[in-house]
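Now for the letters of each chain:
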Amino acid sequence: MADESKPFFPVESAHHVKPPPPRRAQSLTPESRFWRSFRHSELASGLILPVTALEFSPVAPYHVAAACSAAVHLFDGAASPSLAPLPHSPLSGFSDVAYSPSFRCDGALLAAGGESGLVQVFRVDKAGPPLRRLRAHARPVRVVRYPRLADKIHLFSGGDDALLAYWDVPSEAQVVSFPGAHRDYIRAGSASPTGPEVFATGSYDHTVKLWDVRSPPGSNLLLGFSHGDPVESVLFLPSGGLLATAGGNVVKIWDIISGGKLIHTIESHNKTVTALCLGRIKNESPSHDGGEPRLLSVSIDGYMKSFDFATFKITHSMRYPAQLLSVGFSPSGNARVVGTSDGVIYMGMKKRQEEANGTNAASELDGFIPEPEKQVLRPTNYRYFHRGKSEKPQDTDYVIPRAAKVKLAEHDKLLKKFWHKEALVVALSKKSASSVVAVMEELVARKKLLKCVANLDVDELGLLLRFLHKNATSPRHARFLMGLTKKVLEMRADDIQSNNNLRIYVRNLKRMIAEEIQIQRSLQEIQGMISPLLVIAGR
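In this convention, every chain numbers its residues from 1, walking through the sequence in written order. In keeping with the predicted nature of the model, local features appear solely for residues at pLDDT of at least 70, side-chain atom pairs appear and are counted solely at 80 or more, and the whole-chain, interface and lining totals rest on all residues. Hydrogens and water molecules were not included; the side-chain quantities draw on all heavy atoms of the structure.

Engineer: Quick one: what's the story with the UniProt feature "repeat: WD" (unreviewed entry) in the chain, residue by residue and with numbers?
Structural biologist: UniProt positions are given in the numbering used here, feature names are shortened, and annotations may be inferred rather than shown by experiment. Under the UniProt annotation, "repeat: WD" (unreviewed entry) lies at residues 179-215. A run of H or I in DSSP counts as a helix once it spans at least four residues, and a run of E counts as a strand once it spans at least two, with each numbered from the N terminus. Summarising residues 179-215: 0% helix, 49% strand, and an end-to-end C-alpha distance of 17 Å.

Engineer: Before we move on, could you go through the pairing of strand S25 (residues 313-319) and cite the residues and values that matter?
Structural biologist: By the convention used here, strands pair only if DSSP detects at least 2 bridges between them. Summarising the sheet, strand S24 (residues 303-308) and S25 pair through 6 bridges and their orientation is antiparallel. Bridge pairing links serine 306 to histidine 316 in S25. Counting the residues in the hairpin turn of S24 and S25 gives 4 residues, including phenylalanine 312, whose phi is positive at 55 degrees.

Engineer: Summarise the environment of lysine 271; cite the residues concerned and give the values.
Structural biologist: Tracing the sequence through the fold places lysine 271 in the loop between strand S21 (261-266) and strand S22 (273-281). Should any heavy atoms of two residues lie within 4.5 Å, those residues are counted as being in contact. Ignoring any residue separated from it by four or fewer positions in sequence, one finds lysine 271 in contact with Gly248, Asn249, Ser299, Ile300 and Asp301.

Engineer: Talk me through the sheet that holds strand S7 (residues 109-114); I want residue IDs and the actual numbers.
Structural biologist: Across the sheet, 4 strands lie side by side as S6-S7-S8-S9; this open sheet has antiparallel pairing. With partners counted over all chains shown, the strands left at the sheet margins are strand S6 (98-103) and strand S9 (132-135), one partner each. Across the sheet, the mean angle separating the axes of adjacent strands is 20 degrees when strand polarity is ignored. With 4 bridges joining them, S6 and S7 adopt antiparallel strand pairing. Across the sheet, the residue bridging to tyrosine 99 is glycine 113, located in S7. Fitted lines through C-alpha atoms serve as axes, helices being fitted only where they are in contact, and the angles separating the N-to-C directions of these axes extend from 0 to 180 degrees.

Engineer: Tell me what's going on with helix H11 (residues 500-538), and back it up with residues and numbers.
Structural biologist: What a helix is expected to span follows from its residue count: subtract one and scale by 1.5 Å. Look at H11: 56 Å from first C-alpha to last across 39 residues, which is about the 57 Å you get at 1.5 Å a residue. By the burial criterion, the buried members of H11 are Leu502, Leu509 and Met512. Where H11 is buried, its residues meet helix H8 (458-471), helix H9 (478-491) and helix H10 (493-497). Polar contacts, as used here, are pairs of N or O atoms within 3.5 Å; protein pairs need one atom able to donate a hydrogen and one able to accept it. Residues neighboring in sequence count only if both atoms are side-chain atoms. For H11, the N-terminal capping position is held by asparagine 499, with its side-chain oxygen 3.0 Å away from the main-chain nitrogen of asparagine 501. For each residue, the accessible area found with a 1.4 Å probe, counting protein chains only, is set against the maximum for its type, and the residue is called buried under 20%, exposed over 50%, and partly exposed in between.

Engineer: Lay out the packing of helix H5 (residues 420-430) against H8 with the relevant residues and their values.
Structural biologist: Orientation of H5 relative to H8, taken along the N-to-C sense of each, is 50 degrees, at an axis distance of 10 Å. One finds that H5 runs oblique with respect to H8. When you trace H5 past H8, the crossing you get is left-handed. Across the interface between the two elements, Lys421, Val425 and Leu428 from H5 touch Glu460, Leu463, Leu464 and Phe467 from H8. For this scheme, ten residues count as nonpolar: Ala, Val, Leu, Ile, Met, Phe, Trp, Tyr, Cys and Pro. Four count as charged, namely Asp, Glu, Lys and Arg, and the remainder, Gly too, count as polar. Split by residue class, the contact of H5 with H8 holds 5 nonpolar, no polar and 2 charged. Each angle gets one of four labels, with under 35 degrees taken as roughly parallel, over 145 as roughly antiparallel, 65 to 115 as roughly perpendicular, and the rest as oblique. Less than a right angle of anticlockwise turn of the near helix away from the far helix marks a crossing as left-handed, whereas a clockwise turn marks it as right-handed.

Engineer: Break down the nonpolar core for me, citing the residues and quoting the values.
Structural biologist: Residues belong to one nonpolar core when they are buried, are Ala, Val, Leu, Ile, Met, Phe, Trp, Tyr or Cys, and are joined through side-chain atoms within 4.5 Å. In this structure, Met440, Leu464, Phe467 and Val488 are the most contacted members of the largest nonpolar core, which totals 30 residues. Of all the secondary structure elements, the ones that give two or more residues to this core are helix H4 (410-416), H5, helix H6 (433-445), helix H7 (449-455), H8, H9 and H11. Top element by residues in this core is H5. It accounts for 6 residues. Counting residues in each nonpolar core, the second largest holds 17 residues, with Met304, Val327, Val338 and Val344 among its members.

Engineer: Describe the environment of valine 119, with residues and values.
Structural biologist: By the secondary structure assignment, valine 119 is in strand S8 (residues 118-123). Judged by relative accessible area, valine 119 falls into the buried class, the value being 0%. Taking the C-alpha atoms as reference points, valine 119 and valine 144, 25 residues apart in sequence, are found 7.7 Å from one another. Discounting chain neighbours no more than four positions away, the residues touching valine 119 are Ala112, Gly113, Arg132, Arg133, Leu134, Val141, Val144, Leu155 and Ser157.

Engineer: Any details on the confidence of the model for the chain? Residues and values, ideally.
Structural biologist: A score between 0 and 100, pLDDT records how confident the predictor is in each residue. Residues of the chain with pLDDT of at least 70 account for 88%, and the chain-wide mean is 83. Low pLDDT (under 50) marks residues 354-371, which in the prediction has 6 contacts with non-local residues, meaning those over four places away or in another chain.

Now the structure itself:
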């Protein structure tokens, strides 16, 4: 008979059960507080077709133009608390799909392309037929841009027929035309902030080209370089010396003053990056009255990323429930819009300062600022459950130690930031074979190892060859490293031939492999002599 004094299901004593450590509230950065200060809403939910482009007017009240279906929709930037359609919106002078709306520098006119190859210019302040129709393209026009400086009579356009045209709008005449400017569709363009005659274009032929219409015929192309993927968007950064290009799942920053030198690659998106725009983050610090510039990118993976190109860091990320095709940020810094593939425009409107301050603004004028009332903590507040957490434990309290923070190696930190080449170089400089092979295997899993090898400079390539010379024949890593050695010699053959130090590394590597082959042959001979003896001994 069972002993009734003991429980049927034996359990451990209660003193062995340890509660989980309390979660520590994370402090928000000033930039996170800036992005969280926006009210989120759907600006236009009645649209069906994708919102292919969004553009803010460069002057107050900062109207918004959205290209969707066979019309360009205009929204009033002065409306509060949400953008509202203008009375004469939409501009429906298109017989098919509208693309790439662009405001003139004074905000009075708007130009847009279409599926039929026609570029049309409209007035923004009232409804009416197009003021000008510019005919030159035989295929859809996906790029229309007004200069960003005080030039009110010119614009440039690019289409799927690979034609690039620079227009005199009042006369509807082409000032300069570049047939076959690219070898594929022209899908991106940006006007330079340094001069109205300089602009950049990007194409599905993977190239980005810089043009100057002031140059003599035949020498208008200033610069050309390859992005590596079909180019979806190009954008001049405020200085005019840097150019951002988007294609595939990467965004690249180029120094065009140095002849198109690649200075940084952003690989934070998982799918194709579709659009770029500039924004200004207004911090609370009085030293940043104009705001800090940021590069905003959107992708069909549903993420919008904010990139600080002064420090080359991703500073904020936002997730949306749809594929993103376009993005716009108000010059005032108070509104942003994001267009999706299902016709929804998501809007964020920043709260006005006087609304955030409440009645304190009037009190400051009277010379008296009331003290804010102390907030009463309720169970719905997160801080309610952390009352008294700063008190010191007593002798009878059971203290739960906090888990020690794991210290990551330098190459692990770089891998978490998606700085693949830098992580490989740091691991090679540490001279730890296991760490280097671990980093290489991680890069193979991310499909970035060969790309990193192709981007190594001469000194970094020397580090890699020295590592392969020392460890390629190691039994633990030989299979992996010998295959990598073959790929490195095939990919960087030209660089090795042109550099004496690299040739020495390859010569040492060849000698080491020959010695290893000789050792293996000797071992096979010894094995051939021992095998019959072992057979006889077994009998």
